[in-house]
Each structure stands twice: as C-alpha cells, then as structure tokens.
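Residue-level structure breakdown
Listed below, chain by chain, are the residues.
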Amino acid sequence: ETGVTQSPTHLIKTRGQQVTLRCSSQSGHNTVSWYQQALGQGPQFIFQYYREEENGRGNFPPRFSGLQFPNYSSELNVNALELDDSALYLCASSPLPDTQYFGPGTRLTVL
Amino acid sequence: DAKTTQPPSMDCAEGRAANLPCNHSTISGNEYVYWYRQIHSQGPQYIIHGLKNNETNEMASLIITEDRKSSTLILPHATLRDTAVYYCIVLSNFGNEKLTFGTGTRLTIIP
C-alpha cells in the first residue's frame, strides 16, 4: 500500500452536475497530481499541486479545478459534468523531487 | 519527454522470468526510465526507475542498454499476481514531472 487514499471509491452523477473528489497524500509528501483514466486507456495528466499552488496542467478545460490544503491533501472539482467525464480518477503524491505514488482511484460514472 | 514503444501484449509461464522490453530511442541525457504497472482497475503501482545503471529492488530488475535507447524490466519469478499492464515512462528530472502513459504491455502469467 502507498499510503495515498481517495474518496469516494465509486460515484454516480448525472450530466450537468458538479462533483468533488478527495485525495489524502502520503505522510511527508507535499505534491499531489491528478490523472483521468478512461476505459481501456492509460492515465492522462490533469494537473499538479505543490505547496497549495497549481504547478502544471494538462489539456483539460477550466471546469476541471483543484485545491491543495495546508496538510497537502487535495480536491479535484469537475463542474458541468459530461458523459465523457466517466472515468477512473487517480491521484498520486510525491515528495518533490521524487517518485509519484498512486492511490486506488475514484470511479466516476456520469449518466 | 521522450516517447516509448512497448509490445502490446506478452505471455509468461508462472515461475519463469518475465522480460518486458521498452524502446526509448529519443531519450536525452537527463531523462530517467520509470516502470509502473496497473492491475485491473487499481491505481498504477511504482516498480523501479533508473538513469543509466542497472537497478534491482525487491520487485524487479531494470536493465538499461549502454546507449540508453532501450531497457528491459525483469520480473525474476513471475506469479499469477504479476498479471497486469506494464508502463515504461521516460521523464526528466526526478520523476515529479507529469507522467505520460502510453498503451503499455499487457502481461499475462500462464499457470
């Protein structure tokens, strides 16, 4: 186990709704990265937070936003959900600079 | 980051060594080779990484060619629990950059 936890495990939403996913990083890790993994594909980088500031972003629209808190835990928020947002959402934590360790993921289904 | 090429799938008999190749012919001098694996619907698991020297840990060995244009991940005694998709990723600095996942190699361990 990596010590990275995510909640909830599974989530079902309808199109147009908003969702918040949570990630608790491993102790001592000040960086959190979020990835989206659609069915049958590899994970795609959404963004990274380092010491509460966004530190890089992938090719995702602004309705994907995030936060990092002083304890280095993080949230991923997605507004105006679309059917294509259905995916496994993964967070990974790391102590800068070092290897990223992933949590188990949150499975989001948008109906 | 340099692009990697991996075979889409491989089989290996249980108890034998599994050798997973990866080509990264455009790798530059400051880029590391990282390996992760993903067991069905779980978060990716870090396996090993290296720069130019061969590396070994409790999970696997990583052999990097002298010109660094290719590498091989070796699982010395494969078990059924090693069935997973294996990703070879090349990235600069220390591994806290965004991870760019390709399609990986689906390794199936045969009883």
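Parameters and conventions
- Residues numbered from 1 in each chain as written.
- Chains lettered and ligands numbered in written order.
- Predicted model: local features only at pLDDT ≥ 70, side-chain atom pairs only at ≥ 80, totals over all residues.
- Heavy atoms only, no water.
- Helix = DSSP H or I, 4+ residues; strand = E, 2+ residues; numbered from the N terminus.
- Rg over C-alpha atoms; globule rule 2.2 N^0.38 Å.
- Buried < 20%, exposed > 50% of the residue type's maximum accessible area, 1.4 Å probe, protein only.
- Contact = heavy atoms within 4.5 Å.
- Buried area = accessible area lost by both parts, 1.4 Å probe.
- Salt bridge = Lys/Arg side-chain N within 4 Å of Asp/Glu carboxyl O.
- Polar contact = N/O pair within 3.5 Å; in protein donor to acceptor, adjacent residues only side chain to side chain.
- Nonpolar A, V, L, I, M, F, W, Y, C, P; charged D, E, K, R; others polar.
- Pairing = 2+ DSSP bridges.
- Axes fitted to C-alpha atoms, helices over the stretch in contact; angles between N-to-C directions.
- Disulfide = S-S within 2.5 Å.

A few words now on the overall build of chain B. In terms of regular secondary structure, chain B is built from 0 helices and 9 strands. Along chain B, from the amino end to the carboxyl end, the secondary structure elements read β-β-β-β-β-β-β-β-β. Computed over its C-alpha atoms, the radius of gyration of chain B comes to 13 Å, within 12% of the 13 Å expected for a compact globule of 111 residues. Reported as C-alpha extents along the three principal axes, the dimensions of chain B are approximately 40 × 30 × 25 Å. The proportion of buried residues among the 111 residues of chain B is 46%.

This brings us to the interface of chain B and chain A. Listed per partner, the contact involves 18 residues of chain B and 22 residues of chain A. When chain B packs against chain A, the two sides together hide about 1400 Å² of surface, and 54% of this comes from carbon and sulfur. Taken together, the links from chain B to chain A amount to 0 salt bridges. Summed over the shared surface of chain B and chain A, the number is 4 residue pairs in polar contact (both at pLDDT 80 or more). Of all the secondary-structure elements, those providing two or more residues to the side of chain B that touches chain A are β3 (31-38) and β4 (45-50) of chain B. A total of 3 residues in the side of chain B that touches chain A trace back to one element, the largest contributor, which is β3(B). Split by residue class, the side of chain B that touches chain A holds 8 nonpolar, 8 polar and 2 charged.

This brings us to the pairing of strand β2 (residues 18-23) of chain B. Residues and elements named next belong to chain B. Residues of β2 alternate between two faces, with A18, L20 and C22 buried on one and N19, P21 and N23 left unburied on the opposite face. With 6 bridges joining them, β2 and strand β7 (residues 70-75) adopt antiparallel strand pairing. Of the residues in β7, the one forming a bridge with P21 is T72.

Once that is clear, we can look at the sheet that holds strand β5 (residues 55-56) of chain B. All names here are of chain B. One open sheet accounts for 4 strands, arranged β2-β7-β6-β5; its pairing is antiparallel. The open sheet has two edge strands with one neighbour each: β2 and β5. Note that strand β6 (residues 61-64) and β7 share 4 bridges and pair antiparallel. The residue of β7 that forms the bridge with I64 is S71.

Residues and elements named next belong to chain A. One pass over the full model with this rule turns up 5 salt bridges over all chains. A salt bridge links R63 to E82; the shortest N-O distance between them is 3.3 Å. Of this pair, R63 sits in the loop between β6 (53-57) and β7 (64-68) while E82 sits in the loop between β8 (74-78) and β9 (87-94); the two residues are 19 residues apart in sequence, bridging distant segments of the chain. Here D85 ties to R63 by a salt bridge, and the two come within 2.8 Å at their closest N and O atoms.

With that settled, consider the sheet that holds β4(B). All names here are of chain B. A sheet is described by the order of its strands in space; here 5 strands give the open sequence β1-β9-β8-β3-β4, paired in mixed fashion. Two strands bound the open sheet, and with one partner strand each, they are β1 (9-13) and β4. Going across the sheet, the axis of each strand differs from the next one's by a mean of 25 degrees, ignoring polarity. Summarising the sheet, β3 and strand β8 (residues 84-92) pair through 8 bridges and their orientation is antiparallel. From the neighbouring strand, V33 faces β8, where its bridge partner is V90.

What follows covers the state of the cysteines. This model, assessed by the stated rule, comprises 2 disulfides over all chains. Paired by a disulfide, A:C23 and A:C91 hold their sulfur atoms 1.9 Å apart. Between A:C23 and A:C91 the sulfur-sulfur dihedral comes to about 70 degrees; the bridge is accordingly right-handed. Placement of A:C23 in strand β3 (residues 19-24) and of A:C91 in strand β9 is noted, with a sequence separation of 68 residues between them. A:C91 matches A:C23 in its accessibility class, with the two residues each being buried. The side chain of B:C22 participates in a disulfide bridge whose partner is B:C88; the two sulfur atoms lie 2.1 Å from each other. Between B:C22 and B:C88, the S-S torsion sits near -80 degrees, and that sign places the bridge as left-handed. Linking B:C22 in strand β2 with B:C88 in strand β8, this pair joins segments that are 66 residues apart in sequence. Judged on exposure class, the residue B:C22 and its partner B:C88 are both buried. In this structure B:C12 is a free cysteine whose sulfur lies 18 Å from that of B:C22, the closest cysteine sulfur available.

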